[in-house]
Amino acid sequence: GDIIESGVLTGGNATIGAGLWSLPWSFIDLPAPSGDTRAIGISSSGHAAGYLNLNNDHGLFWNERNQVSGPLPIPSTLYDVNTSGEAVGKDGIEPKRWSQRLGVQDLAYNALVNDAFEIDSRGFVVGAEGNLGTDANLSDLTGARSSLGTLNNGSHFSAARAINHRRQVVGNHSSGAGVVAFLWEQDTMIDLNLLMPPG
């Protein structure tokens with residue numbers, strides 16, 4: 001699930017389906033066509049995104065009035081949504097950006113493993129792509145994708161998980177020494193473990 005500044009969070013289970021929880025922990029049921037649903041992402045303007053599981057996943061979008069879109073083509077999942085109502089996820093193995101106004105937009109795709117994990121308020125998308133490994137990446141407003149690079153340890157396995165309005169990106173990077181958290185800003189990937197004080 002996801003959580004926003006006001007304390008509203010998303011989720012769901014096989015019994016109650018997709019929903020929002022808000023302080024003081026009241027539950028709001030998110031309507032769905034039928035079946036097992038999950039809400040994964042939420043925006044501060046009240047949009048939610050997730051999926052409907054009917055043997056194959058169908059992406060779902062809820063607007064600020066909790067009205068649900070028709071299920072997207074299968075197999076698809078929406079992971080995150082921004083304040084403009086744009087959502088990101090994937091259709092099969094291809095990363096996508098989606099909105100009610102513009103429909104589905106393909107994000108640059110050239111690998112076997114692709115994910116679009118989060119979208120910021122301006123429409124920038126972060127995720128991962130790769131064949132044997134993965135490469136953290138950033139997609140701009142046109143859908144063009146660029147690599148965020150790697151840490152200087154000879155490995156090439158990273159995934160970007162979140163982005164903020166200052167275009168700072170966080171994620172995880174794998175090396176021979178294990179998995180570390182990174183911060184990417186101003187075209188530089190920083191190992192956050194190196195910023196911790198000794199001990």
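Since we're looking at a predicted model, the values are computed, not measured. (Residues numbered from 1 in each chain as written. Predicted model: local features only at pLDDT ≥ 70, side-chain atom pairs only at ≥ 80, totals over all residues. Heavy atoms only, no water.)

When you look at the nonpolar core in this model, what are you seeing that I'm missing?
Inside soluble globular proteins, nonpolar side chains tend to come together where they are buried. Judged by nonpolar contacts, the single largest core of 13 residues is most densely connected at L138, L148, A160, V169, F182, W184 and M189. Mapped by element, the contributors of at least two residues to this core are β13 (135-139), β15 (157-163) and β17 (178-185). In terms of residue count, the dominant contributor to this core is β17 (three residues). When sequence neighbours within four positions are dropped, the list of residues in contact with V169 reads V126, L148, A160, A162, I163, F182, L183 and W184. In this structure, I4, A39, I42 and L52 belong to the second largest nonpolar core, which totals eleven residues. (Core = buried A, V, L, I, M, F, W, Y, C linked by side-chain atoms within 4.5 Å. Buried < 20%, exposed > 50% of the residue type's maximum accessible area, 1.4 Å probe, protein only. Helix = DSSP H or I, 4+ residues; strand = E, 2+ residues; numbered from the N terminus. Contact = heavy atoms within 4.5 Å.)

What's the story with the side chain of R97 in this structure? I'm lost.
On the secondary structure map, R97 appears in strand β9 (residues 94-99). The charged side chain of R97 is buried without a salt bridge, its nearest counter-charge being E86 at 5.0 Å. In terms of polar contacts, R97 uses its side chain to reach the side chain of Q105, at 2.6 Å. Reaching out from R97, the side chain makes a polar contact with the backbone oxygen of G123 at a distance of 2.2 Å. (Lys, Arg positive; Asp, Glu negative; His and termini not counted. Salt bridge = Lys/Arg side-chain N within 4 Å of Asp/Glu carboxyl O. Polar contact = N/O pair within 3.5 Å; in protein donor to acceptor, adjacent residues only side chain to side chain.)

Teacher, can you tell me more about the layout of surface pockets here?
One simple way to see leftover space: roll a probe sized like a water molecule over the atoms. The volume enclosed by the largest pocket comes to roughly 390 Å³. Taken together, 18 residues line the largest pocket, and the ones lying closest to its centre are E5, I42, E118, I119 and I163. Classifying every residue of the lining of the largest pocket by side-chain character gives six nonpolar, seven polar and five charged. (1 Å grid on protein atoms, 1.4 Å probe; cavity = no way out; pocket = protein on both sides within 12 Å on 5 of 7 lines; lining within 4 Å. Points joined across faces, edges and corners; volume = space filled by probe spheres on them. Nonpolar A, V, L, I, M, F, W, Y, C, P; charged D, E, K, R; others polar.)

It is not clear to me how the sheet that holds β15 should be interpreted in this structure. Could you clarify?
Within a sheet, adjacent strands bond to each other through the backbone by hydrogen bonds, running parallel or antiparallel. The strand order across the open sheet built from four strands is β15-β16-β17-β18, with neighbouring strands paired in antiparallel fashion. In this open sheet, the two edge strands, each paired with only one partner strand, are β15 and β18 (188-191). Going across the sheet, the axis of each strand differs from the next one's by a mean of 30 degrees, ignoring polarity. Where β15 meets strand β16 (residues 169-175), six bridges bridge the pair, whose relative direction is antiparallel. Bridge pairing in β16 links A159 to N172. (Pairing = 2+ DSSP bridges. Axes fitted to C-alpha atoms, helices over the stretch in contact; angles between N-to-C directions.)

Could you clarify how one ought to interpret the side chain of E118 in this entry?
Relative to the assigned elements, E118 resides in strand β11 (residues 113-119). Among buried charged residues, E118 stands out as having no salt bridge; its nearest opposite-charge side chain is R161, 10 Å away. A distance of 3.0 Å separates a polar side-chain atom of E118 from the backbone nitrogen of I163. The contact partners of E118, leaving out residues within four places of it in the chain, are D80, V88, F124, V125, V126, R161, A162 and I163.

Which parts of the structure should I look at to understand the pairing of β16?
Regular strands show a simple pattern: their side chains alternate between the two faces of the sheet. Residues V169, G171, H173 and S175 line the buried face of β16, whereas the alternating positions V170, N172 and S174 sit on a face that is not buried. If you look at the hairpin formed by β15 and β16, you'll find five residues sitting between the two strands, and R167 has a positive phi there, around 65 degrees. Judged from the seven bridges that link them, β16 and β17 form a sheet pairing that is antiparallel. Counted as the bridge partner of G171 is F182 from β17.

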